[in-house]
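Summary of structural features
Take a look at the letters that make up each chain.
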Amino acid sequence: MRFVNLDALTYAGNLENVAGLTDQPNYSFELGDITDSVLVERLFDLYKFDAVVHFAAESHVDRSITDPTTFVRTNVDGTIVLLQAARNNWKAGQGLFHHVSTDEVFGTLGPTGLFTLNSPYAPRSPYAASKASADHLVRSFGATYGLPYLITNTSNNYGPYQFPEKLIPLVLNNARQRIPIPVYGKGDNVRDWLFVEDHCAALEIVLFQGSIGSTYLIGGSQESSNLGLVKALLDVYDEKTGQASGHSQSLISFVQDRAGHDFRYAIDSSETQKELGWSPQHSLIEGLKKTVDWYMKHSSWLSNILDDSYRTYYKSQYDNR
Ligand code: TDX
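On a predicted model such as this, the values are computed, not experimentally measured, just so you know.

Regarding the overall build of the chain
Scanning the chain from N- to C-terminus turns up 11 helices and 11 strands. Here the C-alpha radius of gyration of the chain, 20 Å, is about what a compact globule of 321 residues would show, namely 20 Å. The C-alpha extent of the chain, read off along each of the three principal axes, is 60 × 50 × 35 Å. Counted over contacts in the chain with a minimum sequence separation of 6, partners at least 24 positions apart contribute 80%. Across the chain, the mean location of the 26 positive side-chain charges is 1 Å away from that of the 36 negative side-chain charges.

In structure tokens form, the structure reads like this:
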């Protein structure tokens, strides 16, 4: 099996993240943007893909609030480019298009209840709306052109290599620099946390064993309020860095709430578990411990990824090949 990784290497991407793969004979990296239809058609022609796993997205809610247009461009326009290329290059009923999506398409929950396969679409941020649009486009290509597809909607991921704009790596980065840790509002919003390796395991099972035309919900079943999560994470961090318990909690700083901040996400993955035999292997605390270990071991990665010149250097190394 051959793998081709198409990535635009925007601000959150870095070739260092896939350095371990570069020497594998069945792996190729292609620098480019999914909105570039000429490039995408050329790659379909060159590699004769038999499946596309579509992870490529602008994914940070706060950025979508300040710059919604970029989200429509990548997440909606980019998805239609990939779908059109699949339609143009695969005969009806051939190929497989796996769209990796989010639980945010279902909007927000109150204190109880879970998102299920029957939950109506109700996105509330420009990011969530762009992902919902992409989900709808994928289903429409299934119904209209017979494109074989799979969709996965997943809860909050965390773990190694996550860009420090997302809550968990941001907390670790700020704790390392001893700068304030912003908690939006009162910190009582709730998320369902999924360790990234558990998500990847689910994606692999869905890709190879999922029934075509189905949607699978994937969640960690590890809910926490943001404040509870930040405190638990800082406790792990303090313990692993030899600080007194509670030392880093003094960095917590309550800041203005996010506009339209979804109160709670929680997803029911029982159908996925029953049908495919997948279940998350990490409790939140186990996942946080692994995550803290990784970021402590890779502190240079953390400072490099935030350094634009370093990323540009990596990109130019690729351009010069
Ligand atoms: O500095 C912060 N302070 C804070 O309180 C940041 C960055 C976040 N938060 C809060 C907002 C959320 O309630 O923490 C929670 C998690 O925030 P994010 O890491 O930005 O994730 P979220 O908005 O929940 O969306 C994530 O989950 C679903 C991902 O970013 C999406 O890409 C995914 O689809």
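Still to come is the rest of the account.
So, empty space enclosed by the protein
Over the atoms a probe the size of a water molecule is rolled, and this reveals where empty space is left. Tallied over the entire structure, the rule returns 1 cavity of 30 Å³ or more. In this structure, the largest cavity occupies an estimated 40 Å³ of space. Lining the largest cavity, in full, are Val 61, Glu 104, Ser 125, Arg 191, Arg 258, Ala 259, Gly 260, His 261, Asp 262 and Tyr 265.

Structural notes on a nonpolar patch on the surface
Taken together, the side chains of Met 1, Phe 3 and Phe 208 make up a nonpolar region of the molecular surface, amounting to roughly 390 Å² of accessible area. Structurally, Phe 3 is set in strand β1 (residues 3-7). We classify Phe 3 as partly exposed; its relative accessible area is 45%.

Thoughts on the sheet that holds strand β6 (residues 156-158)
Read across the open sheet, the 3 strands follow the order β6-β8-β10; overall the sheet is mixed. Strands with a single pairing partner mark the edges of an open sheet, and in this sheet they are β6 and β10 (223-225). Averaged over all neighbouring strand pairs, the angle between strand axes comes to 45°, with direction disregarded. Alignment of β6 against strand β8 (residues 190-195), held across 3 bridges, turns out to be parallel. Considered in β8, the bridge of Asn 156 is made with Trp 193. Running at roughly 70° to β8, helix α6 (residues 196-209) makes contact with β6 and β8 of the sheet.

Some thoughts on the pattern of salt bridges
Overall, the coordinates contain 8 salt bridges when judged by the stated rule. Across the pair Arg 258 and Asp 62 runs a salt bridge, and its minimum N-O distance is 2.6 Å. Of this pair, Arg 258 sits in the loop between β11 (252-255) and α8 (270-276) while Asp 62 is found in helix α2 (residues 61-66), placing the two residues 196 residues apart along the sequence. Given a relative accessible area of 18%, Arg 258 falls into the buried group. Residues Arg 264 and Glu 223 are paired through a salt bridge, measuring 2.8 Å at the closest nitrogen-oxygen approach. Here the residue Arg 264 occupies a position in the loop between β11 and α8, and Glu 223 occupies one in strand β10, the gap between them amounting to 41 residues. By relative accessible area, Glu 223 is classed as partly exposed at 39%.

Looking at the pairing of strand β7 (residues 181-184)
Burial of β7 is one-sided: the residues Ile 181 and Val 183 facing one way are buried, the residues Pro 182 and Tyr 184 facing the other way are not. The pairing of β7 with β11 spans 4 bridges and is parallel. When the bridges of β11 are listed, Ile 181 appears paired with Ile 252.

Concerning the environment of Asn 89
Tracing the backbone shows Asn 89 in helix α3 (residues 68-89). Accessibility expressed as a relative area gives 33% for Asn 89, which makes it partly exposed. Measuring from C-alpha to C-alpha, the distance between Asn 89 and Asp 45 comes to 7.7 Å, with 44 residues separating the pair along the chain. Other than its neighbours up to four places away in sequence, Asn 89 contacts Glu 41 and Phe 44. A distance of 3.0 Å separates the side chain of Asn 89 from the side chain of Glu 41, its partner in a polar contact.

Digging into the environment of Asp 7
Here Asp 7 shows up in strand β1. The sequence separation of Asp 7 and Glu 30 amounts to 23 residues, and the corresponding C-alpha distance is 6.5 Å. A distance of 2.6 Å separates a polar side-chain atom of Asp 7 from the backbone nitrogen of Leu 9.

A look at the nonpolar core
By size, the foremost hydrophobic cluster in this structure holds 28 residues, and its most contacted members are Tyr 158, Ile 168, Ile 181, Val 230, Leu 233, Leu 234 and Leu 288. Every element with two or more residues in this core is listed here: α5 (167-177), β7, β8, α7 (226-240), α9 (284-297) and α10 (299-305). With 7 residues, the single largest contributor to this core is α7. Setting aside residues no more than four positions away along its own chain, Ile 181 makes contact with Val 171, Asn 174, Ala 175, Val 230, Leu 234, Leu 251, Ile 252 and Ser 253. By size, the runner-up hydrophobic cluster in this structure holds 19 residues, among which are Leu 39, Phe 44, Leu 83 and Phe 141.

Here's the deal with the packing of aromatic side chains
The tally for this structure, following the rule as stated, stands at 16 aromatic pairs. Note on Phe 71 and Tyr 127: the rings are 6.2 Å apart at their centroids and 80° apart in plane angle, and the pair reads as edge-to-face. One end of the pair, Phe 71, is in helix α3; the other, Tyr 127, is in helix α4 (residues 126-145), and 56 residues separate them in sequence. Residue classification places Phe 71 among the buried residues on the basis of a relative accessible area of 1%. In this structure Tyr 127 comes out as buried when scored by relative accessible area, which is 7%. Summarising the aromatic geometry, the rings of Phe 115 and Tyr 265 are spaced 6.4 Å apart at their centres and angled 40° between planes, so their arrangement reads as tilted. Here Tyr 265 lies in the loop between β11 and α8 and Phe 115 lies in the loop between β4 (97-102) and α4, a separation of 150 residues in the sequence. The same class applies to Phe 115 and to Tyr 265, which are both buried. Three or more aromatic residues joined by ring pairs make a cluster, and in this case those are Phe 44, Tyr 47, Phe 49 and Trp 90. Its end group placed over the ring of Tyr 11, Arg 63 keeps NZ or CZ at 3.5 Å from the ring centre.

Criteria and thresholds
Residues numbered from 1 in each chain as written. Predicted model: local features only at pLDDT ≥ 70, side-chain atom pairs only at ≥ 80, totals over all residues. Heavy atoms only, no water. Helix = DSSP H or I, 4+ residues; strand = E, 2+ residues; numbered from the N terminus. Rg over C-alpha atoms; globule rule 2.2 N^0.38 Å. Contact = heavy atoms within 4.5 Å. Lys, Arg positive; Asp, Glu negative; His and termini not counted. Charge placed at Lys NZ, Arg CZ, Asp CG, Glu CD. 1 Å grid on protein atoms, 1.4 Å probe; cavity = no way out; pocket = protein on both sides within 12 Å on 5 of 7 lines; lining within 4 Å. Points joined across faces, edges and corners; volume = space filled by probe spheres on them. Patch = residues over 30% accessible without salt bridge, like charges linked within 9 Å, V, L, I, M, F, W, Y side chains within 5 Å. Areas by Shrake-Rupley, 256 points an atom, 1.4 Å probe, with all protein chains shown as cover. Salt bridge = Lys/Arg side-chain N within 4 Å of Asp/Glu carboxyl O. Buried < 20%, exposed > 50% of the residue type's maximum accessible area, 1.4 Å probe, protein only. Pairing = 2+ DSSP bridges. Axes fitted to C-alpha atoms, helices over the stretch in contact; angles between N-to-C directions. Polar contact = N/O pair within 3.5 Å; in protein donor to acceptor, adjacent residues only side chain to side chain. Core = buried A, V, L, I, M, F, W, Y, C linked by side-chain atoms within 4.5 Å. Phe/Tyr/Trp six-rings, centres within 6.5 Å; stacked < 30°, edge-to-face > 60°. Lys NZ or Arg CZ within 6 Å of the ring centre and 35° of its normal.

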